[in-house]
Amino acid sequence: MSPFQLNDPGSSFHDLLQSQYPRLFLGRSDTAHALTDNAQLLQSVPHGTTILALRYRDGVVICGDRRATEGYTISERRIEKVYKTDETSAIAISGAAGPCIEMTRLFQVELEHYEKLEGTLLSMEGKANKLSQMIKTNLPMAMQGLVVIPIYAGYDLKRKIGRIFKYDVAGGRYEERDYYATGSGGRDAKATLKRLFKTDLSGEGATRIALEAIYDAAEADVATGGPDMLRGIFPNVKRISEQGVEDVPDEAVKTVYETMIAELGRG
Amino acid sequence: MSMPYYVSPEQMMQDKAEYARKGISRGRSTIAMEYEAGILLFADNASTLYKISEIYDRIAFAGAGKYSEFEHLRKAGIRHADMTGYVYSREDVTARSLANAYSQTIGSVFSQEVKPLEIEILVVEVGERREENGIYRIQFDGSIHDERSFAVVGGNSEALNEALKTRYALSPLKGALQLCREVLAEGDDRKNGRGTFEAAVLDRTQKGRQFRRLDAATLETYFK
């Protein structure tokens with residue numbers, strides 16, 4: 001594998017990959033050129049859609065639906081869009097599924113690599129900035145339509161708060177105070193979040209709002225998958241607090257939806 | 001015209017080996033020891049510069065001798081492991097492959113460079129079962145040893161090795177920690193106060209990354 005070299009290449013795995021394995025590197029401009037500007041070809045690439053995050057009392061809730069589409073076809077019903085990136089942060093992805101998952105994997109290794117080499121954790125700000133640089137290097141691919149637009153959320157151990165970062169295709173990084181949603185159903189999800197968000201929500205309360213936002217997005221947007229009671233497929237939710245990243249189990253999500261649907265039926 | 005003076009290869013290697021050995025024995029020792037739930041790494045280290053480090057999910061590193069030199073190797077090992085795990089899969093990162101890479105690098109420095117590395121390192125891997133554990137000891141000339149139960153590098157390693165041979169028995173973590181502390185204290189005429197040790201475990205009962213440091217407060221509870 002990698003040759004042991006005597007001059008130090010630094011503590012970033014992303015940079016190490018770029019210098020040692022340029023062929024594996026995301027966003028190579030020649031790969032982007034090789035992709036013709038062919039709309040039909042691009043439609044055959046699975047795209048992931050609605051993702052969101054909102055703050056609550058102890059940290060932040062991050063959530064994503066499970067559908068991936070190829071043009072007008074559903075290509076995947078069970079895709080995961082929310083990934084734990086380290087002990088106190090997680091990423092949700094929207095855009096071209098392949099590059100998104102690849103970038104997530106690279107980002108996970110990046111954080112672990114830094115921690116092991118330096119013997120210390122990156123700050124929340126440092127992690128968010130590194131992700132921004134990684135998205136920027138994907139720009140040539142993004143120009144061809146293979147965009148990666150994540151939401152990065154985590155618990156800032158220094159400031160003792162949950163934090164949410166959103167990104168644009170060019171790697172621009174913006175911090176959101178309370179909540180954010182993006183992807184094809186993002187606008188609808190955001191409308192629900194705006195309507196229901198309050199400061200100082202409980203973990204359960206914030207989870208319920210996140211799931212309701214996904215539900216509303218799925219009602220209005222064909223590319224967003226709502227709860228699938230028949231197959232037992234539910235949106236992924238993670239709660240991040242000082243204690244770490246906690247998966248909300250499918251059964252709990254199912255219960256929330258059952259209650260919600262019963263209430264909607266009555267109303 | 002000046003004549004280059006001749007040194008026989010044997011003499012040169014001997015000189016280098018002697019130089020490296022001297023450097024390594026000046027430092028303090030580090031022990032790797034199997035216990036019931038995994039492998040313990042234990043070093044006599046009063047400084048905040050670590051001798052023990054995580055490499056990957058099940059793999060750890062410990063160095064003895066010159067800090068700058070084994071620190072360099074430690075970083076190279078992490079890069080090697082992370083790159084392998086990224087290109088293939090996390091399961092494909094093994095201590096044996098890493099130990100071989102170390103052996104090659106250290107060996108070529110020994111034969112090609114004027115100054116050999118004054119280091120001795122351990123690469124350990126905890127397996128699902130005890131039989132699958134791996135403890136590799138790599139010396140300054142690149143020679144590699146596949147150890148069982150325990151291994152000692154640096155300082156007065158031969159004496160410690162002898163002491164452990166008669167006293168080692170597989171035990172829970174508490175027992176292993178106490179034995180390490182005892183033999184280190186006996187093998188050293190400098191007085192060791194509590195809290196001057198550096199310890200970490202590879203714990204197979206832990207999920208995901210199995211490396212865990214034991215800080216001074218945790219060690220204290222075990223030494224009670």
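Structure: above.
Just so it is clear, the model here is predicted, and its values are computed rather than measured.

(A) Representation of the overall build of chain A within the structure. Helix and strand content of chain A: nine helices and 13 strands. Radius of gyration (C-alpha) of chain A: 19 Å, near the 18 Å computed for a compact globule of 267 residues. In terms of overall dimensions, chain A has C-alpha extents of about 70 × 45 × 30 Å along its principal axes. Buried residues in chain A amount to 51% of all 267 residues.

(B) Structural context of the overall build of chain B. What chain B contains, in helices and strands, is six helices and 10 strands. A compact globule built from 224 residues would reach a C-alpha radius of gyration of about 17 Å, and chain B, at 18 Å, matches this within 12%. By its C-alpha atoms, chain B is 70 × 50 × 30 Å across when sized along the principal axes. Buried residues in chain B amount to 52% of all 224 residues. The contacts of chain B with a sequence gap of at least 6 include a subset with a gap of at least 24, amounting to 66%.

(C) How the structure looks around the interface of chain B and chain A. The interface of chain B with chain A comprises 24 residues on the first partner and 23 residues on the second. Counting the surface lost from both chain B and chain A, the interface buries some 2,200 Å², and carbon and sulfur atoms represent 60% of this. Looking at the side of chain B facing chain A, the largest losses of area belong to R79, M83 and Y86 of chain B, adding up to 39% of the total buried there. On the surface where chain B and chain A come into contact, there are three salt bridges. For R209 of chain B, the salt bridge identified is with E115 of chain A, shortest N-O distance 3.3 Å. The tally of links from chain B across to chain A stands at 10 residue pairs in polar contact (both at pLDDT 80 or more).

(D) Up close: the packing of aromatic side chains. Inspection of the entire model under this criterion finds 10 aromatic pairs over all chains. Judged by centre distance (6.1 Å) and plane angle (40°), the rings of Y215 of chain A and Y257 of chain A are tilted. Taken together, the residues Y215 of chain A in helix α8 (residues 203–220) and Y257 of chain A in helix α9 (residues 250–266) connect sequence positions 42 residues apart. For the pair Y215 of chain A and Y257 of chain A, one class covers both residues: buried. Here the aromatic cluster, defined as three or more aromatic residues joined through ring pairs, consists of F42, F197 and F223 of chain B. For the cation-ring pair, R213 of chain B lies above Y50 of chain B, with the distance from its terminal atom to the ring centre recorded as 3.5 Å.

(E) Fine view of the sheet that holds strand β9 (residues 197–203) of chain B. Residue and element names in this part refer to chain B. Taken together, the five strands give an open sheet; going across it, the order is β8-β1-β2-β9-β10, and neighbouring strands pair in antiparallel fashion. This sheet does not close on itself; its edge strands, each paired only once, are β8 (150–153) and β10 (211–214). The average angle at which neighbouring strand axes cross in this sheet is 15°, direction not considered. Helix-sheet contacts for helix α4 (residues 157–167) involve β1 (30–35) and β8, and the interaxial angle to β8 is about 160°.

(F) Structural context of the sheet that holds strand β7 (residues 144–147) of chain B. Residue and element names in this part refer to chain B. Pairing within the open sheet is antiparallel, and its five strands lie in the order β3-β4-β5-β6-β7. Each edge of the open sheet is held by one strand with a lone partner, namely β3 (52–56) and β7. Strand-to-strand twist of the sheet, defined as the mean angle between neighbouring strand axes without regard to direction, takes the value 25°. Most of the contacts of helix α3 (residues 95–112) go to strand β5 (residues 119–125), to which it runs at about 165°, and overall it touches β3, β4 (59–65), β5, β6 (134–138) and β7.

(G) A look at the nonpolar core. Residues and elements named next belong to chain A. L52, L54, L193 and Y257 are the most contacted members of the largest nonpolar core, which has 26 residues in total. Looking at this core, the elements with two or more residues in it are β2 (51–56), β3 (59–64), β11 (179–182), α7 (186–196), α8 and α9. Sort the elements by how many residues they give to this core and α8 lands first, with eight residues. Contacts of L54, omitting those with residues within four sequence positions, involve V60, V61, I164, D178, Y179, L193, F197, L201, A206, I209 and A210.

(H) Main features of the packing of helix α5 (residues 173–186) of chain B against helix α6 (residues 216–223) of chain B. All names here are of chain B. For the pair α5 and α6, interaxial distance at closest approach is 9 Å and the crossing angle is 95°. Regarding the angle of α5 to α6, the classification is roughly perpendicular. Every residue of α6 that contacts α5 at L173, K174, L177, Q178 and R181 is listed here: L219, T221, Y222 and F223. For the contact of α5 with α6, the class distribution of residues is five nonpolar, two polar and two charged.

(I) Up close: the environment of R78 of chain A. All names here are of chain A. Here R78 is to be found in the loop between β5 (73–76) and β6 (82–86). Given a relative accessible area of 47%, R78 falls into the partly exposed group. In this structure, the C-alpha to C-alpha distance between R78 and Q108, residues 30 residues apart in sequence, is 21 Å. The contacts of R78, once residues within four sequence positions are left out, are R66, R231 and I233.

(J) Geometry of the environment of R181 of chain B. Among the secondary structure elements, R181 of chain B is positioned in helix α5. It is 8.6 Å that separates the C-alpha atoms of R181 of chain B and D44 of chain B, two residues lying 137 residues apart in sequence.

Rules used in this analysis
Residues numbered from 1 in each chain as written. Chains lettered and ligands numbered in written order. Predicted model: local features only at pLDDT ≥ 70, side-chain atom pairs only at ≥ 80, totals over all residues. Heavy atoms only, no water. Helix = DSSP H or I, 4+ residues; strand = E, 2+ residues; numbered from the N terminus. Rg over C-alpha atoms; globule rule 2.2 N^0.38 Å. Buried < 20%, exposed > 50% of the residue type's maximum accessible area, 1.4 Å probe, protein only. Contact = heavy atoms within 4.5 Å. Buried area = accessible area lost by both parts, 1.4 Å probe. Salt bridge = Lys/Arg side-chain N within 4 Å of Asp/Glu carboxyl O. Polar contact = N/O pair within 3.5 Å; in protein donor to acceptor, adjacent residues only side chain to side chain. Phe/Tyr/Trp six-rings, centres within 6.5 Å; stacked < 30°, edge-to-face > 60°. Lys NZ or Arg CZ within 6 Å of the ring centre and 35° of its normal. Pairing = 2+ DSSP bridges. Axes fitted to C-alpha atoms, helices over the stretch in contact; angles between N-to-C directions. Core = buried A, V, L, I, M, F, W, Y, C linked by side-chain atoms within 4.5 Å. Parallel < 35°, antiparallel > 145°, perpendicular 65-115°, else oblique. Nonpolar A, V, L, I, M, F, W, Y, C, P; charged D, E, K, R; others polar.

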